[in-house]
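Okay, here's what each chain looks like letter by letter:
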Amino acid sequence: MSTSGHSWQRARLRSVRDLTADVRLFEIEPSGAFIAPTPGSHIKVAVQIEGRPEVRSYSTVGLSADHIYRIAVKRAPISRGGSAYMWRLQDDALLTISAPDNHFPLSHGCPDYVLVAGGIGITPIHSMALALAQTNASFRVLYACRSAADAALADELRTVIGDRLVLVLDDAGMRIDFEAEIARLAPAGECYVCGPIGMLEAAKAAWQRSGRLAAGLRYETFGNSGRFASEAFRVKIPRLGLDLDVPANRSLLDVLEAAGVGMIADCRRGECGLCVLPICSVNGIVDHRDVFFSDEEKAANARLCTCVSRVVNGSITLDTGHR
Amino acid sequence: MGQTQTFPLNAWYAAAWCHEIVHELAARTICGNAIVLYRRTDGAVAALEDSCWHRLLPLSMGRLKGDDVMCGYHGLVFNSAGRCTHMPAQRTINPSACVRAYPVAERHRLVWIWPGDPALADLAKIPDFHWNDGAEWVGEGGTFYSLKCDYRLVVDNLMDLTHETYVHVGSIGDEAITETPFEVTHTQSSATMTRWMINIEPPPFWGRQIGRPGRVDRWQIVTFQSPSVVVGDVGVAMTGTGAPKGDRSQGVNGAFLAALTPEKDGTCHYFWNFVRNYRTDDVQLSRDLQRMHVNDGQGVYDQDHVVLEAQQRAIEVNPGMPFYNLNIDAGALWARRLIDAQIAQEAAHPVVLAARMAG
C-alpha cells in the first residue's frame, strides 16, 4: 500500500506508556494538519516487517482534544509483525501516519447502546463510551479480557462512566451472555462489538436469534483473529504451477501477490469479498477469518478470503481466475 | 471545499419547509454536502448523504423501500440511520457500508440540518425563528433555492437597509432611511442594527398598512443570529404615541425573516417570510404581501436578487478585489466577524466527518 497520498504525513512519537504487560499506549504528534478522530476512527501507520514496508490500522483512543493521536497496540506473540515493529519504537521516533478515517462510526441519538469489547478491541469502544457519556446517552460497556490485570484502559474508563463499565474476566470463569445483554437493550438500541472473531460470531448469532434488524449490530474487524492461532501453511495453485509457503506473519494474499499471482483486493480485512479464491482441496482446517461469507458458506469451504483466512495443520490447493 | 471556508459547518441550517418533505426523496445541497431528505412513515424526517457508499450515485435517484432508501444503480439499501441493510449478490453485509446520517430537526415550520460534527448538534442551538411558527405572527413566505450569491451577501443586504432607498424605491424605500443615524449592538452570537425614524411621512407600503393619514415613527431593528439567520422587526406607529418607548399600539408591526443556507461556495438557499401581527385573519393580505416580495421579478426580493447575483458575478470576475466599507456597513461587518470567528474556531479543530475519505 502506498503512503504517498495526500493524507499521509510525518509524525513524532511523543511518548509511550505501558497500560498492561502487553498493551502499550502510543502518543503520536502529527507534524502537519490535525484532524480530530471521531469515535470508531483509526489511523494507519507505516511499519516495516522483515524489511518490507507495510501498513497497519490502529483505532484511535480517546477524543484527542489536545491534538495528539493515541493508539494502543497489543504485543502479539505471533502476529503479522506490526505489533513487534511498534513495540520496538522509542520516544521521539519518526512515523508516517495517515489522517484518521472511520469505518465504524457511532450513531447519534440512539435510545440505548451496548458496547462490547474483547481484549484490545477496547480501543474504539473506549472512545465511543467517552463520547456517549458526554451526551448523557444510555449505554453500557461490556469488556471481556483474561484478567483484571489485562484490562487496558478499564481504570480510566471507570473514572468517567462508573459502573456502566462491566468487566467480564476469563480467569473468573465469566463469559458475556449475549442473549441476556441483547434482551435488556431497548428495542431500537444498537450493539457495537470489537473483539476476536469468536466473540463477534457469538454476538451475531445472538443478535439474529433476537429477531432485531441486522443493521443494529455494528462491528469492526481488522481480520487478524481466527479460531486458531496463526501458523505457517503451504498453498498450491496447480493452474499456475505454484507451491508456496505462507509464513505465520504474512497473509495468503500477500504471499500470492509477491509470487506474481494476479489478484484483485480492496479492503484487506475480510469485508469486501474481492480477493476470494476457490478452494480445490484442503489438507487441514480452513480458519475463515472474514465477515464476507455467511456461516453456511464458511462451512461449505468452497471459497476463502485470501486477505485474512488461513489454514491450520496443513496445506491448501486453490484455483485462480487466470486463463 | 474551497481553500478558505466560507461558512461554518457546526450550525443548524434550514434545508426545506416542513411541508416540502413528504414520503419521497428530495435532494438538497447544504454547505457543499449533497443530502437526500425524506419523511419516514412515523413522521420523522431523515437526512442522508446523497451518495451511495458503493459507486457514489445520488441516492435521491433511487427510491424509497418502506423507510429505507434503495440505490437506483445496484440496489444497495440504506436505513434512515445511514446503515446498509442490503447488498446484492452476497449473503452478508459489509460492516463498513454506510452513508452519513445528518442530525435533522423540524422547528418553526422549517427542516434544519446540522452539516458539522454530529456530536455537537444541540437542538438548543436552532436559531430563534418563532415568528415563522404561524401562530402570533402570520405570513406566507417561500424559498429562493440556489440563489447565485454567497449567503453573506444576503446578510450584508439585510443588515444594512440603506439599500431600500435605492433598490426598493416606491415601496419601502425612503430618503429618511439614509438621513437617520442607527445604532449597532452585538453579543457573542448576534448583532443588531437599530434605526428609528421619528416623525416622517410613511413610505407608500407602510402608509397602506397603517391605513391612517399622518406622520409616523418608523423602526427597523434587524438582528443577525450567527451564522445565517436574520430577523428584522419593522413597522410604523403614529408619531408621538410612544413607539420608541415600547408602546406600538398605534401602529403596525411586521417582521422579515431570513434563514440563509450556504448551498456551496458562492450560492445559497434563501428561506424567507414576511410576517405580521395585525389583520392576522386576512388571507388576502397574506397573499398580497407575498406578491409584494416575490412577483415575477417585480417584488422587493426580486429587486434584491438582481443586485445580489450581479454583485456575486462582479466578485467572481474580480478575484481578490477588496470591498471598501462605509459607516452603514457596521451591522454587516459585525455579522461577518461572528461568522469568521466560527469558521476560524472550526478550522483549528477539524473533525473526521465523512464515512468515506481519500487515502
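Residues numbered from 1 in each chain as written. Chains lettered and ligands numbered in written order. Predicted model: local features only at pLDDT ≥ 70, side-chain atom pairs only at ≥ 80, totals over all residues.

Peer 1: Lay out the overall build of chain B in plain terms, naming residues and giving numbers.
Peer 2: Per the secondary structure count, chain B includes seven helices and 17 strands. The C-alpha radius of gyration computed for chain B amounts to 22 Å, which stays within 12% of the reference 21 Å derived for 359 residues, consistent with globular compactness. In terms of overall dimensions, chain B has a C-alpha envelope of 80 × 45 × 35 Å along the principal axes. The proportion of buried residues among the 359 residues of chain B is 47%. Within chain B, contacts between residues separated by at least 24 positions form 56% of all contacts whose residues are at least 6 apart in sequence. (Helix = DSSP H or I, 4+ residues; strand = E, 2+ residues; numbered from the N terminus. Rg over C-alpha atoms; globule rule 2.2 N^0.38 Å. Buried ≥ 20, exposed ≤ 12 C-beta atoms within 10 Å, placed from the backbone. Contact = placed C-beta atoms within 7 Å.)

Peer 1: Quick rundown of the overall build of chain A? Include the residues and the values.
Peer 2: Scanning chain A from N- to C-terminus turns up seven helices and 17 strands. Since a compact globule built from 323 residues should have a radius of gyration of about 20 Å, the 20 Å found for chain A is in line with a globular shape. Counting only C-alpha atoms, chain A reaches 60 × 50 × 35 Å along its principal axes. Evaluated residue by residue, chain A yields a buried proportion of 46% over its 323 residues. Intrachain contacts of chain A at a sequence separation of at least 6 include 68% that bridge at least 24 residues.

Peer 1: Any details on the interface of chain B and chain A? Residues and values, ideally.
Peer 2: Listed per partner, the contact involves 23 residues of chain B and 32 residues of chain A. Its residues assigned to classes, the side of chain B that touches chain A shows 13 nonpolar, eight polar and two charged. (Nonpolar A, V, L, I, M, F, W, Y, C, P; charged D, E, K, R; others polar.)

Peer 1: So what's going on with unusual backbone geometry? Residues and values would help.
Peer 2: The general pattern is negative phi for most residues beyond glycine and trans for most peptide bonds. The amide bond that connects S226 of chain B to the next residue, P227 of chain B, takes the cis arrangement and shows omega of 5°. The topology assignment puts P227 of chain B in the loop between β14 (216–225) and β15 (229–238). Here D92 of chain A, not a glycine, exhibits a phi torsion of approximately 75°, which is positive. Secondary-structure assignment places D92 of chain A in the loop between α1 (82–88) and β6 (94–98). Positive phi values are uncommon outside glycine, yet N136 of chain A reaches one of about 55°. Assessed through the 7 C-beta atoms surrounding it within 10 Å, N136 of chain A is described here as exposed.

Peer 1: Run through helix α5 (residues 197–210) of chain A, naming residues and quoting values.
Peer 2: Given 3.6 residues to a turn, an α-helix orients residues that are three or four positions apart in the same direction. All names here are of chain A. Between its first and last C-alpha atoms α5 spans 20 Å; for 14 residues at 1.5 Å apiece the expected length is 20 Å, and the two agree. For α5, every residue scored as buried is listed here: I197, M199, L200, A202, A203, A206 and W207. Lining the buried residues of α5 we find β8 (113–118), β9 (139–145), α4 (178–184), β11 (190–194) and β12 (217–219). Phi for G211, located one or two positions after α5, is positive at around 80°. (Expected span 1.5 Å × (residues − 1).)

Peer 1: Please provide a residue-by-residue account of the pairing of β15 of chain B, values included.
Peer 2: Residues and elements named next belong to chain B. Within β15, eight of the ten residues are buried, which leaves the element mostly enclosed by the surrounding structure. Where β14 meets β15, ten bridges bridge the pair, whose relative direction is antiparallel. Residue T223 lies in a different strand from β15, and its bridge partner there is V231. Connecting β14 to the antiparallel partner β15 that follows it, the hairpin turn spans three residues. Two elements, β15 and strand β16 (residues 251–264), share nine bridges in a ladder whose sense is antiparallel. Its bridge partner lying in β16, V229 is registered against A259. (Pairing = 2+ DSSP bridges.)

Peer 1: An account of the sheet that holds strand β4 (residues 45–49) of chain B is requested, with residue identities and associated values reported.
Peer 2: Residues and elements named next belong to chain B. Pairing in this open sheet of three strands is antiparallel, and the strands run β2-β3-β4 from one edge to the other. Edge strands, defined here as strands with exactly one partner in the open sheet, are β2 (26–30) and β4. Taking the axes of each pair of neighbouring strands and ignoring which way they run, one obtains an average angle of 30° across the sheet. Inspection of the sheet shows β2 paired to strand β3 (residues 33–39) by five bridges, in the antiparallel sense. Across the sheet, residue A26 finds its bridge partner in β3, namely L37. (Axes fitted to C-alpha atoms, helices over the stretch in contact; angles between N-to-C directions.)

Peer 1: Kindly report on the nonpolar core, identifying the contributing residues and their values.
Peer 2: Core analysis: the largest hydrophobic core is formed by 99 residues, its most contacted members being I113, V154 and A258 of chain B. The greatest single-element share of this core, amounting to seven residues, is contributed by β16 of chain B. Residue contributions to this core reach at least three from each of two domains, namely domain 1 (13–123) and domain 2 (139–346) of chain B. Counting 60 residues, the second-largest nonpolar core is a separate cluster that includes V47, A117, I120 and M199 of chain A. (Core = buried A, V, L, I, M, F, W, Y, C linked by C-beta atoms within 7 Å. Domains from an automatic or database assignment.)

Peer 1: I'd like to hear about the environment of I328 of chain B, residue by residue, with values.
Peer 2: Residues and elements named next belong to chain B. In this structure, I328 sits in the loop between α6 (300–317) and α7 (330–347). Separated by 150 residues in sequence, I328 and T178 place their C-alpha atoms 9.0 Å apart. Not counting residues up to four positions away in its chain, the partners in contact with I328 are D160 and T162.

Peer 1: So what's going on with the domain arrangement of chain B? Residues and values would help.
Peer 2: All names here are of chain B. We note that the domain assignment places domain 1 (13–123) and domain 2 (139–346) within chain B. Each of domain 1 and domain 2 was reduced to a C-alpha centroid, and the two centroids are 34 Å apart. Contact with domain 1, which involves nine residues of that partner, is made by eight residues of domain 2. Of all the secondary structure elements, the ones that give two or more residues to the side of domain 1 that touches domain 2 are β1 (13–17) and β2. Looking at which element gives the most residues to the side of domain 1 that touches domain 2, the answer is β1, with four residues. When grouped by side-chain class, the residues that make up the side of domain 1 that touches domain 2 number seven nonpolar, two polar and no charged.

Peer 1: Account for the packing of helix α1 (residues 151–159) of chain B against α7 of chain B, with residues named and values stated.
Peer 2: Residue and element names in this part refer to chain B. Relative orientation of the contacting elements α1 and α7 amounts to 145°, with a least axis distance of 8 Å. The interaxial crossing formed by α1 with α7 has right-handed handedness. For the pair α1 and α7, contact is made by R152, V155, D156 and M159 and by G331, A332, A335, R336 and I339, respectively. Each residue belonging to the contact of α1 with α7 can be placed in one class, and the counts come to five nonpolar, one polar and three charged. (Left-handed = near helix turned anticlockwise from the far one by under 90°.)

Peer 1: Give me the lowdown on the sheet that holds β11 of chain A, citing residues and values where you can.
Peer 2: Residues and elements named next belong to chain A. Within the open sheet, the five strands sit side by side as β10-β9-β8-β11-β12. Their pairing is parallel. Two strands in the sheet have a free side with no partner beyond their single neighbour: β10 (165–169) and β12. Taking the axes of each pair of neighbouring strands and ignoring which way they run, one obtains an average angle of 15° across the sheet. Along the sheet, helix α3 (residues 154–161) contacts β9 and β10; its crossing angle with β10, the most-contacted strand, is approximately 150°. This element, α5, spans β8, β9, β11 and β12 of the sheet and lies at about 160° to β11.

Peer 1: I'd love a proper account of the domain arrangement of chain A, names of residues and values included.
Peer 2: Residue and element names in this part refer to chain A. Domain annotation for chain A reports domain 1 (8–101), domain 2 (113–219) and domain 3 (233–318). Each of domain 1 and domain 2 has a C-alpha centre, and the two are 24 Å apart. Contacts between domain 1 and domain 2 engage twelve residues on the former and 13 residues on the latter. The residue inventory of the side of domain 1 that touches domain 2, partitioned by class, reads six nonpolar, five polar and one charged.

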